[in-house]
Amino acid sequence: MSFQVPSFRHPRQAKNDAGYTRRDYEGAPSTLCAGCGHDSATNAIIQACFELGIEPHRVAKMSGIGCSSKTPAYFLNKSHGFNSVHGRMPSIATGANMANRDLLYIGISGDGDTASIGMGQFAHALRRNLNLNYICMNNGCYGLTKGQDSATADKGSAGKKGTPNPYASIDLCELAIELGASYVARGFSGDKKQLVPLIKGAFAHSGLAFIDVISPCVTFNNTATSTKSYEYVREHIEATNTFDFIPLQQEILTDYPEGTTQEVTMHDGSKIHLHKVENTEDVTNRLKAVNRLESEKEKGRLLTGLLYVNQDIQETHDIINTTLRPLNTLQEADLCPGNDVLQKINEGLR
Amino acid sequence: MNRIERVNDFVIRFANVNGSGSASANNLFARAIFRAGVPVSPKNIFPSNIQGLPTWYEVRVCQRGFLGRRGGVDFAVAVNGQTLFKDYHDLLPGGYFLYDSSKDLPETFERDDVSVIGIPLTLLCNQEFANPKLRQLLKNIIYVGSLAHLLDIDFTILTDSINKQFARKPKLAEPNIKALELGYDYAKTHYPDTCGLRVEKTDKLGDDILMDGNSAVGLGAIYGGATVAGWYPITPSTSVVEAFEKYANKFRIEEESGRKKVAILQAEDELAALGIVIGASWNGARAFTATSGPGISLMSEFLGLAYFAEIPAVLVDVQRAGPSTGMPTRTQQSDVLSCAYASHGDTKNILLFPCDPKECFDLTADALDLAERLQTPVIIMSDLDLGMNDHVSAPLHWDDNRRYDRGKTLSGEELEALKEQWGRYKDVDGDGICYRTYPGVHPTKGAYFTRGTSHNEYSAYTEETSIYKANLERLLVKWDTARTLVPSPRTKIRDEDNGVGLVFYGTTTHAAYEAIARFNERGIRLNSMRIRAFPFQEEVIEFINAHEKIFVIEQNRDGQLRTMLMNENAISPRKLQSILNFDGLPITADFITEKIEYLLDIVPETATSSRGDAS
């Protein structure tokens, strides 16, 4: 943890297309443990926002309770944030999104916050396909309360407490696909090169984009016997594919040899070019996506990358057909039918 | 036998099997009384069941305009074999018993103080109508026709109602009118002078309306500018959001695009429902939810968050009999404490107590203003009786000059113009209320981190004791401000020298006023105060101090409002005595009268005069 963050920045620090420097996307100094995976994940978020030229005040960052839920304070300090209650970030994000469909919503949660108490709200935010970027910083344990197993801890994995987890674990990515998610990815806090494009793709996606970020807890779950330790993850990681994210405004500069890429067009016009490792891969096919996850599990591998994407789906506002004008901008003229109408209603009640 | 003989002053109770279509026939009857200009109070006493169990519909007809339950039944329409015996024996002496004489009454029905009226509903119905589905519905319409003769109701009021109801499907009007005629003719032929109860047209109602409280709340939310509703189905609050949705489909559609100017989401549970409301309110949209007791328990965590982080939230609690799952289809006022002090830690929430549909409408619109002005939860305490029954009410009115009070918010320009640094929890005016900003308001100013954890004036986390304490104390300053903004009580001093005062709220009001009128006639003029909100204002404390004895009349077992009066205003328990009804049925004027007689050691009036015969 840093007690002091130097405020000096290079005078010619690069600015993005929107005129902001990277500094404009940072937040308060982190109070997390030194070496915490969440701080790297936070960095990836900052990087993605900076490179995309997003205006910080057009972002709302929501979280639940837990170490990961503290991270919104450490990025985008020009954005409004809402650290709510344990497991209930999705409903707050839903309401906020209903009020203003035009902001970019980032929902930060943890494996305890999502896979236990938050399981219901997770499932239904997916079901409604809320336009939310849901990032779960997954360390397999409850850090803030001193290291209990979470529901994503693998069976047999033992953290600092030493007792192996006796229960089956929940694979949030596979579950998300099952529940109807339309953008599912897994990253690793130790691999920013992979994670940043995953986040950019999520932002371009219209609907619920879920990213499970394996983010080791150095204090309570980084042991040799833990399957969520840096060591274990590095040794067992597998990637679906690398990919380039090309925002709408940018030209496609790379030539891809035929048959080696799969192109997915996002709702806002941006493109994802996936580099296929095997010709049979197709991350737009739900069945294949789940099978791939399962077969890697059988091999004892942890599959990362873009796991599944489906652009043929509507987000909540389109499903319920709300006005394109944000609801929080409507005034009396739009909202109140007036006294004449009320007198007619009275008539109908006599 | 002295048969009961009265004009525009009786209680008639229908006993049906639920799910048999009786509601529409009974409703038709109640509306006919209403359209004859006579004050009417229909109460649906239905089981927690879809089909097959007993259901009662008790209609009070009262020229004088008392809208609560009286107590006792003068006329029974007993069409449910399961409860035939009970309905027969519940009748007051001199009462009337109408039954389906297609089947004989058992021999055990031997009262000599009841007039029995047999109408062969099943036989008449089957003779005339071949369609089995129609039969079920029309059988009940036949007895409405019979009642038209027996009670002297103008037949055209009924036929007009039918024609109006089936204006879009006139083919359905015909069999209904035929059924009415069948019942009418049979009763007229066989019971020309049997019934001493009559309905006479009056103009007592003026331009009053007949409406259920839940629809009034839904409409109030539309007029009050709500754009987001998160909700979860629960009896008896579901129809609040259904009404909101119905009115939204009429009045909140964007003309050019056909898109909706409203977001209504059925959540996965009550917690999510309130979460949606809080998220929306935080982001500058007016939002509300509706629930009942069990939902309040679930919502308590989020209520604490809204209280401490100071986010507007409007919640309608349509109370039902508890505890736990209780009786989902029975009424009570037993969530008062749970709502007032919802959530762990030191919390207090604003409560509003409507007593009729007009207040349901007005107070819902006011609640949306109050929640945003005070940046805190506002809970509208309705109940099943008010929400799900039709009530006579003054017509609704909206001032077209009214603007929504969005409370203390800062726009981008205002942020730009500020000289000192803004803090989300800085009390700049001394009223305990701070300025908030909406997400996206300004490129570089105004962003802050909302949290349920302890916070300083800039909404940063703090464990500094003095700052934490000051923040909590400021919430009490805000509470005092709320005292000046919430609806004031309705106090009536009828006798300055009488040391006895009555306190009541919500649906208890109507039966209480009737009891007061009865005592008035006997020369005992009681003073009363109808409380309409929590926190309690000065006026409430003054009223209590001005009397020696206060009777707090409410519908729960533990005297919850009494507890709050003692708790909030340091009033001695000995001064406040409870009159409590908590059987799940709406409180009656008879009950209140008897309790006051007992508490004041007054000799009870005789049976006949206590029901207003003397008037």
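Placed above this text is the structure.
A brief structural summary. (Residues numbered from 1 in each chain as written. Chains lettered and ligands numbered in written order. Predicted model: local features only at pLDDT ≥ 70, side-chain atom pairs only at ≥ 80, totals over all residues. Heavy atoms only, no water.)

## Digging into the overall build of chain B
Here is the rule: In DSSP terms, a helix is any run of H or I states spanning at least four residues, a strand is any run of E spanning at least two, and both are numbered starting from the N terminus. Radius of gyration: C-alpha atoms only; globule rule: 2.2 Å multiplied by the number of residues to the exponent 0.38. Residue contacts follow a heavy-atom distance rule, with two residues in contact if any of their heavy atoms lie within 4.5 Å. For the purpose of charge, His is not counted, nor are the chain termini; Lys and Arg are scored as positive and Asp and Glu as negative. Just so you know, the charge point we use is NZ for Lys, CZ for Arg, CG for Asp and CD for Glu.
A tally of helices and strands in chain B yields 19 helices and 24 strands. For chain B, whose C-alpha radius of gyration is 27 Å, the value lies close to the compact-globule estimate of 25 Å for 615 residues. Summarising its shape, the C-alpha atoms of chain B cover approximately 90 × 65 × 40 Å along the three principal directions. For chain B, long-range pairs separated by at least 24 residues make up 75% of all intrachain contacts whose partners lie at least 6 apart in sequence. If you average the places of the 66 positive and of the 81 negative side-chain charges in chain B, the two averages end up 2 Å apart.

## Here we look at the interface of chain B and chain A
In plain terms, the rule: Two parts placed together each lose some accessible area; with a 1.4 Å probe, that loss summed over both constitutes the buried area. Within this document, salt bridges are pairs made up of a side-chain nitrogen of Lys or Arg and a carboxyl oxygen of Asp or Glu, the two lying within 4 Å of each other.
Taken residue by residue, the interface counts 68 residues in chain B and 58 residues in chain A. When the two sides are added together, the surface that chain B and chain A hide from each other amounts to roughly 5,300 Å², 61% of it contributed by carbon and sulfur. Among the residues of chain B in contact with chain A, B:Arg259, B:Glu268 and B:Phe449 are the three that bury the most area, contributing 13% of the side total. Remark: the boundary between chain B and chain A carries four salt bridges.

## Describing the state of the cysteines
Rule in force here: When two cysteine sulfur atoms are found within 2.5 Å, that pair is recorded as a disulfide.
Counted according to the given criterion, the structure contains zero disulfides over all chains. Free cysteine: A:Cys136, not disulfide-bonded; nearest cysteine sulfur from A:Cys173 at 8.7 Å.

## Concerning the sheet that holds strand β21 (residues 527-530) of chain B
Residues and elements named next belong to chain B. To be explicit about the condition: The criterion for strand pairing is that DSSP finds at least two bridges linking the strands in question. Under this scheme, a helix contributes an axis fitted over its contacting stretch, all axes are lines through C-alpha atoms, and angles between N-to-C directions fall in the 0 to 180 degree range.
Ordered by their spatial adjacency, five strands build an open sheet running β19-β21-β20-β23-β24, and the pairing between neighbours is mixed. For this open sheet the edge positions go to β19 (490-492) and β24 (576-580), each flanked by a neighbour on one side alone. The average angle at which neighbouring strand axes cross in this sheet is 20°, direction not considered. Sheet topology places strand β20 (residues 500-504) next to β21; four bridges connect them, and they run parallel. Bridge pairing links Leu502 to Ser528 in β21. The sheet strands contacting helix α18 (residues 560-569) are β20, β23 (549-554) and β24, and the helix crosses β23 at an angle near 135°.

## Re the packing of aromatic side chains
Heads up, the condition is: Pairs were defined over the aromatic rings of Phe, Tyr and Trp, the Trp ring being its six-membered one, requiring ring centres within 6.5 Å. Orientation was assigned from the angle between planes: stacked under 30 degrees, edge-to-face over 60, tilted for the rest. Burial classes: relative accessible area under 20% of the type maximum marks a residue as buried, over 50% as exposed, and values in between as partly exposed (1.4 Å probe, protein chains only). In this analysis the charged atom, NZ for Lys or CZ for Arg, is taken to sit over a ring once it is within 6 Å of the ring centre and within 35 degrees of the ring normal.
Following the criterion strictly, the structure yields 28 aromatic pairs over all chains and no others. Ring centres of B:Trp422 and B:Tyr448 lie 5.7 Å apart, and the angle between their planes is 70°; on these two criteria the pair is classed as edge-to-face. Highlighted residues: B:Trp422 in the loop between α14 (412-417) and β18 (449-451) and B:Tyr448 in the loop between α14 and β18, separated in sequence by 26 residues. We note that B:Trp422, like B:Tyr448, is buried. For the pair B:Trp479 and B:Phe534, a centre-to-centre distance of 5.1 Å together with 65° between the ring planes defines the contact as edge-to-face. Of the two residues, B:Trp479 is situated in helix α15 (residues 465-485) and B:Phe534 in strand β22 (residues 533-534); the sequence distance between them amounts to 55 residues. An aromatic cluster is built from B:Phe85, B:Tyr88, B:Phe97, B:Tyr99 and B:Phe109, whose rings are joined through pairwise contacts. For A:Lys61, the ring lying beneath its charged end belongs to A:Phe75, and the centroid distance is 5.6 Å.

## A closer look at the packing of helix α5 (residues 155-165) of chain B against helix α6 (residues 170-190) of chain B
Residue and element names in this part refer to chain B. To be explicit about the condition: Should an angle fall under 35 degrees it is taken as roughly parallel, and over 145 as roughly antiparallel, whereas 65 to 115 is taken as roughly perpendicular and any remaining angle as oblique. By convention, the crossing between two helices is left-handed when the near helix turns anticlockwise from the far helix through less than a right angle, and right-handed when the turn is clockwise. Residues are sorted three ways: Asp, Glu, Lys and Arg are charged, Ala, Val, Leu, Ile, Met, Phe, Trp, Tyr, Cys and Pro are nonpolar, and all the rest, Gly among them, are polar.
As a packed pair, α5 and α6 sit with axes 9 Å apart at the nearest point and diverge in direction by 160°. As far as their axial angle goes, α6 and α5 are roughly antiparallel. Our pair here, α5 against α6, has a crossing hand that is right-handed. Facing Phe155, Leu158, Thr159, Ile162 and Asn163 of α5, the residues of α6 in contact are Ala173, Asn176, Ile177, Leu180, Glu181 and Tyr184. Of the residues in the contact of α5 with α6, the class split is seven nonpolar, three polar and one charged.

## With respect to the packing of helix α3 (residues 121-128) of chain B against helix α4 (residues 132-150) of chain B
Residues and elements named next belong to chain B. Put simply, α3 and α4 touch, their axes get as near as 9 Å, and they point 125° apart. Comparing the axis directions of α3 and α4 gives the class oblique. As α3 runs across α4, the sense of the crossing is right-handed. Within the contact between the two elements, α3 uses Leu121, Thr122, Leu124, Cys125 and Asn126 and α4 uses Arg135, Leu138, Lys139, Ile142 and Tyr143. Broken down by class, the residue content of the contact of α3 with α4 amounts to six nonpolar, two polar and two charged.

## A closer look at the pairing of strand β3 (residues 40-45) of chain B
All names here are of chain B. Where burial is concerned, most of β3 is hidden: five out of the six residues are buried. Relative to strand β4 (residues 54-62), β3 runs antiparallel, the two being bridged by six bridges. By the bridge assignment, Ile45 is partnered in β4 with Trp56.

## A closer look at the environment of B:Tyr505
Residues and elements named next belong to chain B. Mapped onto the secondary structure, Tyr505 falls in the loop between β20 and α16 (508-521). Overall, Tyr505 belongs to the buried group, its relative accessible area being 1%. In sequence terms Tyr505 and Leu386 are 119 residues apart; their C-alpha atoms lie 12 Å from each other. In this view, Tyr505 contacts Gln333, Val336, Phe353, Ile531, Ile553, Glu554, Asn556 and Leu561; residues no more than four positions away in its chain are not counted.

## With respect to the side chain of A:Thr304
All names here are of chain A. Selection rule: The term polar contact refers here to a pair of N or O atoms within 3.5 Å; inside protein, the definition further demands a hydrogen-donor-capable atom paired with an acceptor-capable atom, and it admits residues adjacent in sequence only when both atoms are side-chain atoms.
By secondary structure assignment, the location of Thr304 is in strand β13 (residues 302-309). The buried category is assigned to Thr304, whose relative accessible area is 1%. A polar contact of 3.0 Å, which involves the side chain of Thr304, links it to the side chain of Gln194. Beyond its immediate chain neighbours, meaning those up to four positions away, Thr304 contacts Arg186, Gln194, Ile237, Glu238, Ala239 and Thr240.

## Observations regarding the pattern of salt bridges
Following the criterion strictly, the structure yields 53 salt bridges over all chains and no others. A:Lys299 is paired through a salt bridge with A:Glu296; the nearest N and O atoms lie 3.2 Å apart. Assessed through its relative accessible area of 59%, A:Lys299 is described here as exposed. One continuous salt-bridge network, built from bridges that share partners, spans B:Arg286, B:Asp366, B:Asp369, B:Glu372, B:Arg402, B:Arg406 and B:Arg436.

## Section: the nonpolar core
In plain terms, the rule: Side-chain atoms within 4.5 Å are what join buried Ala, Val, Leu, Ile, Met, Phe, Trp, Tyr and Cys residues into a set we call a nonpolar core.
A:Met62, A:Phe210, B:Leu351, B:Ile531, B:Leu561 and B:Leu565 are the most contacted members of the largest nonpolar core, which has 141 residues in total. When residues in this core are grouped by element, the largest group, nine residues, is from helix α12 (residues 357-374) of chain B. In contact with B:Leu351, not counting residues within four places along its chain, are B:Val336, B:Cys339, B:Ala340, B:Ile379, B:Met381, B:Arg532, B:Ala533, B:Phe534 and B:Met564. Core analysis: the next-biggest nonpolar cluster, separate from the first, contains 58 residues, B:Ala32, B:Ala36, B:Phe75 and B:Leu98 among them.

## Looking at unusual backbone geometry
Residues and elements named next belong to chain B. Between Thr235 and Pro236 the backbone carries a cis peptide bond, its omega angle lying at 5°. Note on placement: Pro236 falls in the loop between β10 (228-231) and α8 (238-251). Following Phe534, the chain continues to Pro535 via a peptide bond in cis, the omega torsion being 15°. Examined against the element boundaries, Pro535 turns out to sit in the loop between β22 and α17 (538-545). Unlike most non-glycine residues, Asn8 shows phi in positive territory, near 55°. Among the structural elements, Asn8 can be located in the loop between β1 (6-7) and β2 (9-17). With a phi close to 85°, Ser343 is a non-glycine residue in the positive phi region.

## Overview of helix α7 (residues 192-204) of chain A
All names here are of chain A. The condition is simple: For a helix, the expected span equals 1.5 Å multiplied by the residue count minus one.
Spanning 13 residues, α7 covers 18 Å between terminal C-alpha atoms, matching the ideal 18 Å at 1.5 Å per step. For α7, the buried fraction is high: 11 of the 13 residues fall into the buried class. Considered for burial, the residues of α7 that qualify are Gln194, Leu195, Val196, Pro197, Leu198, Ile199, Lys200, Gly201, Ala202, Phe203 and Ala204. Measuring from the side-chain oxygen of the N-cap residue of α7 to the backbone nitrogen of Lys193 gives 3.3 Å; that N-cap residue is Asp191.

## Here's the deal with α4(B)
Residue and element names in this part refer to chain B. We count it as follows: At every residue, the bend is computed as the angle between two fitted axes, covering the seven residues ending there and the seven beginning there respectively.
Look at α4: 28 Å from first C-alpha to last across 19 residues, which is about the 27 Å you get at 1.5 Å a residue. The axis of α4 is deflected most strongly, by about 30°, at Leu138. Residues of α4 that are buried include every one of Leu138, Asn140, Ile141, Ile142, Tyr143, Val144, Gly145, Ser146, Leu147, Ala148, His149 and Leu150, and no others. The N-terminus of α4 is capped by Asn131, whose side-chain oxygen sits 2.9 Å from the backbone nitrogen of Lys133. One or two positions beyond α4, positive phi appears at Asp152, with a value near 65°.

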